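# Chains, contacts and geometry: an overview
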Amino acid sequence: MFSSEEFSFSDHSHRRFNPLTDSWVLCSPHRAKRPWLGQVEEASADQRPSYDPKCYLCPGNKRATGAQNEKYSSTYVFANDYAAVHAEQPDCDTAALAQVAGQHASSELFRVESTRGQCSVVCFSPRHDLTLPELTPGEISQVVRAWQKIYSDLSDDPAISYVQLFENKGAMMGCSNPHPHGQVWALSEVPSEPALEIASLKKFHAKHAAEDPHACLLCSYVKAEETNAAAGESTNRVVLQNDSFMALVPFWAVWPFETMIVVKSHISNIKQLDDQQVAHLAEIIQGLTCRYDNLFQCSFPYSMGLHQSPTATHPDADCCHLHLHFYPPLLRNSTVRKFLVGFEMMAEPQRDLTAEQAAARLRALSNVHYKHV
């Protein structure tokens, strides 16, 4: 039933379309006012030594497998001792599939692929007690350069079709070690989520190529959000930006304080960034993650990952556009998180806080870490 009152994005339910994944998210801003008597997480301990002799990732220490870390002084990369995929393993043939699907399994209903690849760990700093927002932009630049080398090297491997660089920060996001680090999973196939994005990027390009041979969904989106930010607070989803990158809460965000960092020029992968762009990306990462920590004055948990061309030589590389996703779970404070359950699992994602409200809160925060005030 329609009401005679004027529609308000701050008060009324609506759905927002995500052109990157061709999906929708339900936004229910009025639900942010409801009382909370649900799950409350324990506040994480935020005091750690700069070096922990029991940490598997600290310089010079032995890992669980007996391998020993170098006494590194900046970033440090090593093969994951408990990799999710391996470079060598047998194919999963029809006989192998029969073990779990039966002798007369339908290929339409039961499909399996043998997946190969390799996994690495990237220690961001030798300091056990620091996280990305507490590193300097110069130190984060070293991380970005490590990502560049890893991506470039893996792109040259004919067995690798996809490289995923990511970080899980905080125990709430399943991080098994608080030492600042990320991971690299390189696979023989392109996974489902980036494949969805690439399909949307290709679809947009094909639709607009006649009038603009360089048409790109994310190039157009960045320009539109720059215009929206200049138009006023009600349409401003930008958190911070510099000459090369924009950090914003996407119009279609699912998680309460979800953000994207998008390169402003059409660059398909991290390998293509020049020295100035590396410095600008480090500056944006530091500024955004610092605001995250400042929001609830805690070490703010999130999952972060880079989406770009699957490899530098991938056939769809020209349609891809480098961007980073940040998915943080916290909702009201440092101990109350968002859960994707019920309707979100059975129907479609739902959020309470609007993207504009979340961006305004993050934008208003200082880029000086709360520990240093």
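Residues numbered from 1 in each chain as written. Predicted model: local features only at pLDDT ≥ 70, side-chain atom pairs only at ≥ 80, totals over all residues. Heavy atoms only, no water.

### Concerning the overall build of the chain
A tally of helices and strands in the chain yields seven helices and 14 strands. For 373 residues, the compact-globule formula gives about 21 Å, and the C-alpha radius of gyration of the chain, at 22 Å, lands near that figure. Principal-axis analysis of the C-alpha atoms places the extent of the chain at approximately 65 × 60 × 45 Å. Taken over 373 residues, the chain has a buried fraction of 50%. The long-range fraction of contacts in the chain, counting pairs at least 24 apart against all pairs at least 6 apart in sequence, stands at 71%. A distance of 5 Å separates the average location of the 31 positive side-chain charges in the chain from that of its 42 negative side-chain charges. (Helix = DSSP H or I, 4+ residues; strand = E, 2+ residues; numbered from the N terminus. Rg over C-alpha atoms; globule rule 2.2 N^0.38 Å. Buried < 20%, exposed > 50% of the residue type's maximum accessible area, 1.4 Å probe, protein only. Contact = heavy atoms within 4.5 Å. Lys, Arg positive; Asp, Glu negative; His and termini not counted. Charge placed at Lys NZ, Arg CZ, Asp CG, Glu CD.)

### Structural notes on the pairing of strand β6 (residues 181–187)
Among the seven residues of β6, six are classified as buried, and the element is accordingly described as predominantly covered. In this structure, strand β4 (residues 117–123) lies alongside β6, joined through seven bridges in antiparallel fashion. The residue of β6 that forms the bridge with Gly117 is Leu187. Both strand β5 (residues 162–169) and β6 contribute to a ladder of five bridges, which runs antiparallel. Within the sheet, the bridge partner assigned to Val163 lies in β6 and is Ala186. (Pairing = 2+ DSSP bridges.)

### Examining the packing of helix α5 (residues 275–296) against helix α7 (residues 355–363)
Following both chains from N to C, one finds α5 and α7 inclined at 95°, their axes separated by 9 Å at the closest point. On the basis of the axis angle, α5 is roughly perpendicular to α7. Together, Arg291, Tyr292, Leu295 and Phe296 of α5 and Arg361, Leu362 and Arg363 of α7 make up the contact between the two elements. Here the residues of the contact of α5 with α7 sort into four nonpolar, no polar and three charged. (Axes fitted to C-alpha atoms, helices over the stretch in contact; angles between N-to-C directions. Parallel < 35°, antiparallel > 145°, perpendicular 65-115°, else oblique. Nonpolar A, V, L, I, M, F, W, Y, C, P; charged D, E, K, R; others polar.)

### Brief notes about the nonpolar core
One recurring pattern in soluble globular proteins: nonpolar side chains tend to sit buried together. Counting residues in hydrophobic clusters, the biggest one holds 52 residues, and the most contacted among them are Trp147, Phe257, Ile261, Ile270 and Leu281. In this view, Trp147 contacts Phe124, Leu165, Ile270, Ile285, Met304 and Leu306; residues no more than four positions away in its chain are not counted. (Core = buried A, V, L, I, M, F, W, Y, C linked by side-chain atoms within 4.5 Å.)

### Considering the side chain of Arg63
Relative to the helices and strands, Arg63 resides in the loop between β2 (23–27) and β3 (76–79). Classification of Arg63 as buried rests on a relative accessible area of 10%. Within the structure, the side chain of Arg63 is placed 2.5 Å from the side chain of Asp81, a separation counted as a polar contact. In contact with Arg63, not counting residues within four places along its chain, are Tyr56, Gln68, Asn69, Tyr76, Phe78, Ala79 and Asp81. (Polar contact = N/O pair within 3.5 Å; in protein donor to acceptor, adjacent residues only side chain to side chain.)

### Here's the deal with the pairing of β4
Among the seven residues in β4, six count as buried, and that is most of the element. Here β3 runs beside β4; their pairing, made up of four bridges, is antiparallel. Opposite Val77, over in β4, you have Val122 as the bridge partner.

### Some details on the sheet that holds strand β9 (residues 259–263)
What the nine strands build is an open sheet, ordered β3-β4-β6-β5-β10-β11-β9-β8-β7; its pairing is antiparallel. Each end of this open sheet is capped by a strand with a single partner; those strands are β3 and β7 (238–241). Adjacent strand axes in the sheet meet at a mean angle of 20°, parallel and antiparallel pairs treated alike. Alignment of β9 against strand β11 (residues 323–327), held across four bridges, turns out to be antiparallel. Directly across from Val262, in β11, lies its bridge partner His323.

### Some thoughts on the sheet that holds strand β14 (residues 350–351)
Sheet strands line up and pair through hydrogen bonds in the backbone, either parallel or antiparallel. Reading across from one edge, β1-β2-β14 is the order of the three strands in this open sheet, with mixed pairing throughout. Looking at which strands have only one partner, the edges of the open sheet turn out to be β1 (14–18) and β14. Pairing of β1 with β2, which is carried by five bridges, proceeds in the antiparallel orientation. For His14, the partnering residue across the bridge sits in β2 and is Cys27.

### Examining a nonpolar patch on the surface
A cluster of nonpolar side chains, Phe339, Val341, Met345 and Met346, forms an exposed patch at the surface whose accessible area comes to about 440 Å². Turning to its location among the elements, Met345 is positioned in helix α6 (residues 343–346). For Met345, a relative accessible area of 59% corresponds to the exposed category. (Patch = residues over 30% accessible without salt bridge, like charges linked within 9 Å, V, L, I, M, F, W, Y side chains within 5 Å. Areas by Shrake-Rupley, 256 points an atom, 1.4 Å probe, with all protein chains shown as cover. Salt bridge = Lys/Arg side-chain N within 4 Å of Asp/Glu carboxyl O.)

### Describing the packing of aromatic side chains
Under the definition given, this model contains 12 aromatic pairs. Here the aromatic rings of Phe17 and Trp24 are separated by 5.2 Å at their centres, their planes lie at 55°, and the arrangement is tilted. Ring centres of Tyr292 and Phe300 lie 4.7 Å apart, and the angle between their planes is 10°; this geometry places the pair in the stacked category. Of the two residues, Tyr292 and Phe300, neither departs from the other in class, the shared state being buried. Counting every residue linked through ring pairs, the aromatic cluster contains Phe257, Tyr292, Phe296, Phe300, Tyr302 and Phe326. Across from the ring centre of Phe251, 4.4 Å away, lies the NZ or CZ of Arg16, which sits over that ring. Cation over ring: Arg63 sits above Phe78, and NZ or CZ is 3.9 Å from the ring centre. (Phe/Tyr/Trp six-rings, centres within 6.5 Å; stacked < 30°, edge-to-face > 60°. Lys NZ or Arg CZ within 6 Å of the ring centre and 35° of its normal.)

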